[in-house]
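Fold and contact review
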Amino acid sequence: MSKTEQDLKDAFAGESQANRRYLAFAAAADREGHPQAAKLFRAAAEAETVHAHNHLKALKGIKSTKENVLEAIAGETHEFKNMYPRMLESARAEGNKEAERSFHYANEVEKIHAQLYQKVLGNLGATKETFAYYVCPVCGYTSEKEPPDSCPVCGTKGKMFKKID
Ligand SMILES: [Fe+2]
Ligand SMILES: [Fe+2]
């Protein structure tokens, strides 16, 4: 990998993290009653997404949808087979309950994501019909078409789920 490719990779990671960090900061600013700070966090977060996508494009990191879905399946599978089990074990050994729960939620949901991507891969180009997904605001559990009555991973009520379409 060239120096510039490594730089693009590092910058993509940094800008991506800044986006999520700023969105979390914006929600905190709203809760604390600082709406102007919240707006700037959200505006900067949007700009960091533009930067992140530009870097990813320069890295030739966006391919055909079939290739992108295959990459997503590989990423999710790596996470629930290797990455999170290892992290869960360390968090347990260190007695970090909050980290353990966070890793557990992600680990369970990445399994579902891999299945959902697999399903979409099988249907690519087969049908024009689409449906919505629903995402649990607590653990990220993702369902098709309807939210569950309550989240199978964390128990949150289905009516709290966010509709994505
Ligand atoms: Fe995932
Ligand atoms: Fe959940």
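Another aspect to go through is the coordination of the iron ion (ligand 2). Here the iron ion (ligand 2) is held by the protein donor atoms Cys-136 (SG), Cys-139 (SG), Cys-151 (SG) and Cys-154 (SG), which lie 2.2 to 2.3 Å from it. Each donor residue of the iron ion (ligand 2) lies on one chain, and together they are spaced C-x2-C-x11-C-x2-C. Of the two residues, Cys-136 is situated in the loop between strand S1 (133–135) and strand S2 (142–144) and Cys-154 in the loop between S2 and strand S3 (162–164); the sequence distance between them amounts to 18 residues. Residue classification places Cys-136 among the buried positions, given a relative accessible area of 3%.

In this section: the nonpolar core. Among the nonpolar cores identified, the biggest contains 11 residues, and these are Tyr-105, Val-109, Ile-112, Leu-116, Ala-132, Tyr-134, Cys-136, Cys-139, Tyr-141, Cys-151 and Phe-161. Ignoring any residue separated from it by four or fewer positions in sequence, one finds Cys-151 in contact with Cys-136, Cys-139, Tyr-141, Thr-156 and Phe-161.

Moving on to the coordination of the iron ion (ligand 1). The iron ion (ligand 1) binds to the protein through Glu-76 (OE), Glu-76 (OE), Glu-110 (OE) and His-113 (ND1); the donor distances cover 1.9 to 2.5 Å. Classification of the site at the iron ion (ligand 1) rests on its 4 donor atoms, whose angles at the metal span 55 to 135°, yielding the label irregular. The sequence pattern describing where the donors of the iron ion (ligand 1) fall on their chain is E-x33-E-x2-H. Placement of Glu-76 in helix H3 (residues 65–93) and of His-113 in helix H4 (residues 97–123) is noted, with a sequence separation of 37 residues between them. The buried category is assigned to Glu-76, whose relative accessible area is 12%.

What follows covers H4. Helix length check: H4 (27 residues) gives 40 Å between terminal C-alpha atoms against 39 Å at 1.5 Å per residue, within 8%. Along H4, the residues classified as buried are Ala-99, Glu-100, Tyr-105, Ala-106, Asn-107, Val-109, Glu-110, Ile-112, Ala-114, Leu-116 and Leu-121. Among the structural elements, H3, S1 and S2 are those in contact with the buried residues of H4. Within two residues after H4, Gly-125 carries a phi angle of roughly 80°, on the positive side.

Turning next to the environment of Phe-131. Residue position: Phe-131 is located in the loop between H4 and S1. Sequence separation between Phe-131 and Pro-85 is 46 residues, and the spatial gap between their C-alpha atoms is 32 Å. Contacts of Phe-131, omitting those with residues within four sequence positions, involve Glu-144 and Lys-145.

So, on to unusual backbone geometry. Of note, the phi angle at Lys-60 is positive, near 60°, even though the residue is not glycine. Structurally, the position occupied by Lys-60 is in the loop between helix H2 (35–58) and H3. Of note in this structure, Lys-145 is not a glycine but carries a positive phi near 70°. Turning to its location among the elements, Lys-145 is positioned in the loop between S2 and S3.

Definitions and limits used
Throughout this description, residue numbers start from 1 for each chain and increase along the sequence as written. The naming scheme follows written order: chains are lettered A onward, ligands numbered 1 onward. Confidence filtering applies because this is a predicted model: local features only for residues at pLDDT of at least 70, side-chain atom pairs given and counted only at 80 or more, and all residues used for totals across whole chains, interfaces and linings. Calculation of side-chain values draws on the structure's entire complement of heavy atoms; hydrogens and water are dropped beforehand. Donor atoms are limited to N, O and S found within 2.8 Å of the metal ion, a distance that becomes 3.2 Å for Na, K and Ca. With water left out, some sites might look partial. Strands are runs of DSSP state E lasting at least 2 residues, helices are runs of H or I lasting at least 4, and numbering of each runs from the N terminus. A simple rule labels every residue: compare its accessible area, found with a 1.4 Å probe on the protein chains alone, to the largest value its type can have, and call it buried under 20%, exposed over 50%, or partly exposed in between. We define a nonpolar core as any set of buried Ala, Val, Leu, Ile, Met, Phe, Trp, Tyr and Cys residues linked to one another through side-chain atoms lying within 4.5 Å. Contacts are assigned to residue pairs that have any heavy atoms within 4.5 Å of one another. Irregular is the label for any site that misses the other tests, which are tetrahedral for four donors with all angles between 85 and 135 degrees, and square planar for four donors or octahedral for six when opposite donors exceed 155 degrees and the remaining angles lie between 65 and 115. Multiply 1.5 Å by the residue count of a helix minus one, and that product is the helix's expected span.

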